[in-house]
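Residue-level structural notes
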Amino acid sequence: MFTKRDLLRSAALATITASTAKSVPVYAQISADRPGFFKAKDIAEAGFIYGLPIVMNYAVMHEYAIDRSSGQFKAPFNQIKNEPNVFTYKDTAIVTPNSDTPYSFVWMDLRTEPVVLSVPAVDSKRYYSVMLCDGNTYNYGYIGTRATGSEAGDYMVVGPDWKGDTPAGIKQVFRSSTLFSVAGYRTQLFGPDDLDNVKEVQAGYKVQMLSAYLKQTPPPAAPAIDFPKIDKELVKTNFFDYLDFALQFAPAQGNEKEIRAKLALIGVGPGKTFNFKDLPLEQKLEIGLGMKEGQRKVDEAVGNVGKTVNGWRVSGLPGDSAHYNGDWLKRAVAAQAGIYGNDPEEATYPFTRVDSDGQTLDGSKNSYTLTFAPGQQPPVNAFWSLTMYDGKSQLLIENPINRYLINSPMLPNMKKHADGSLTLYIQNKSPGADKEANWLPAPNDTIYLVMRLYWPKTEAPSILPPGEGTWQPPGIKRVA
């Protein structure tokens, strides 16, 4: 999972500060059709919640596919970038990094023609997935072990208004609701010595424009776009400028007409030219107060997401357009909690910061155990893992055995009790040579743990539906 929370967390407060830091008062010139102060504030609040995932996505796209100097640039549009590496404590660009499945990325520009994504045959024992996520942060399709199987295949991704025949050889067509979209590939890594095999699979991922796939002359190039630069400072005041820009590439869906009409009343939307810095003071205050209240509601909802099960928070937030069904707060929470998270059917992510008694996990004060009863390990069709993070930064931690997670492929080398149960030792210091195979090193500080269940089973026992399933993650126990 990725998150851009820091990019937006202080946006509302900074907007108000910027708008009031003037010694000379400026009076609003409110047009006849512009709503009054409080109604405009309410529109800004609703618009912030609606637009948060869209702006967050634009920020990632700008870093990964547009700004070559960002330090995070991956590849230009319609070119794949493979990341054949194991994340360690040295990787600090993305919080809560995933060390199970090295990534590949393709940011797609679908304005002129579709893109064809080709995948190789992959050993059925190795899980992989290609998640298709559009500018609205809807997961609108999957290719991979669960969704399409392990065979080789060609798949076509089309834009929202594309009309045409499906060429021979294309197994499935996926339609993005926006003109720019991302394909995020996850390829299972069995261990550090498996990296060359992952690279071989990644080398088989191919990306072509439809015309190249058909060996035809490509259509005329789309007009060049002057993408506005975005960073955590600019977004503090320019949030609605970015939303205004992004919406031109996202045709309104039926359930968006109401919120789009409201945004148009404050100058945001396709055909508009919203510019925060040119607004009169009163209108800046409308926007700033609305953003602040919108962010408060998102933060509150993130804190209460899902259900608490034995100290773990279990939820199933991400999904497609039908999954959200116009619930913009639910969509904003999914993005802020971890943009580009999987649908729960593809992967479910219980997480915790507390033990089974509700006390904060802290490696400087306690040692802990997590025990799976006989036959009660996470029920998955692919694999499961438990990853350790620093409780404050949510980054992987440096440790003497360079172990950042324990996952099911490691089980043959781990020790079980006589009854078949499995205990993991979660602590800062070694539990002893006889237990080190089951040791997940913890920071000498607070702890954040994430369990990942890839392709969770649907038959009992199952974690699905998330938080209500027949399987529950066991609580973390303090060692006396």
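Rules used throughout
Residues numbered from 1 in each chain as written. Predicted model: local features only at pLDDT ≥ 70, side-chain atom pairs only at ≥ 80, totals over all residues. Heavy atoms only, no water. Helix = DSSP H or I, 4+ residues; strand = E, 2+ residues; numbered from the N terminus. Rg over C-alpha atoms; globule rule 2.2 N^0.38 Å. Buried < 20%, exposed > 50% of the residue type's maximum accessible area, 1.4 Å probe, protein only. Contact = heavy atoms within 4.5 Å. Pairing = 2+ DSSP bridges. Axes fitted to C-alpha atoms, helices over the stretch in contact; angles between N-to-C directions.

**What to know about the overall build of the chain**
Per the secondary structure count, the chain includes 10 helices and 20 strands. Computed over the C-alpha atoms, the radius of gyration of the chain is 24 Å, within 12% of the 23 Å expected from 2.2 N^0.38 for a compact globule of 480 residues. When the backbone C-alpha atoms are referred to their principal axes, the chain occupies close to 80 × 60 × 40 Å. Counting over 480 residues, the chain shows a buried share of 56%. Counting contacts in the chain only where the partners sit at least 6 residues apart, residues at least 24 apart contribute 75% of the total.

**Description of the sheet that holds strand S18 (residues 439-441)**
As summarised here, the arrangement of the four strands in space is S18-S17-S14-S20, forming an open sheet in which the pairing is mixed. The strands lining the two open edges of the sheet, one partner per strand, are S18 and strand S20 (477-478). Across two bridges, strand S14 (residues 368-372) lies against S20 in antiparallel orientation. In the sheet register, Thr369 faces S20, and the bridge partner there is Lys477.

**Some details on the sheet that holds strand S9 (residues 206-209)**
Pairing is mixed in the open sheet, where four strands are placed in the order S7-S6-S3-S9. Where the open sheet ends on each side, the last strands, each with one partner, are strand S7 (170-175) and S9. Put simply, the sheet's adjacent strands are angled 25 degrees from each other on average, direction ignored. Bridging between strand S3 (residues 115-119) and S9 involves four bridges; their strand directions are antiparallel. If you follow Leu117 over to S9, its bridge partner there is Val207.

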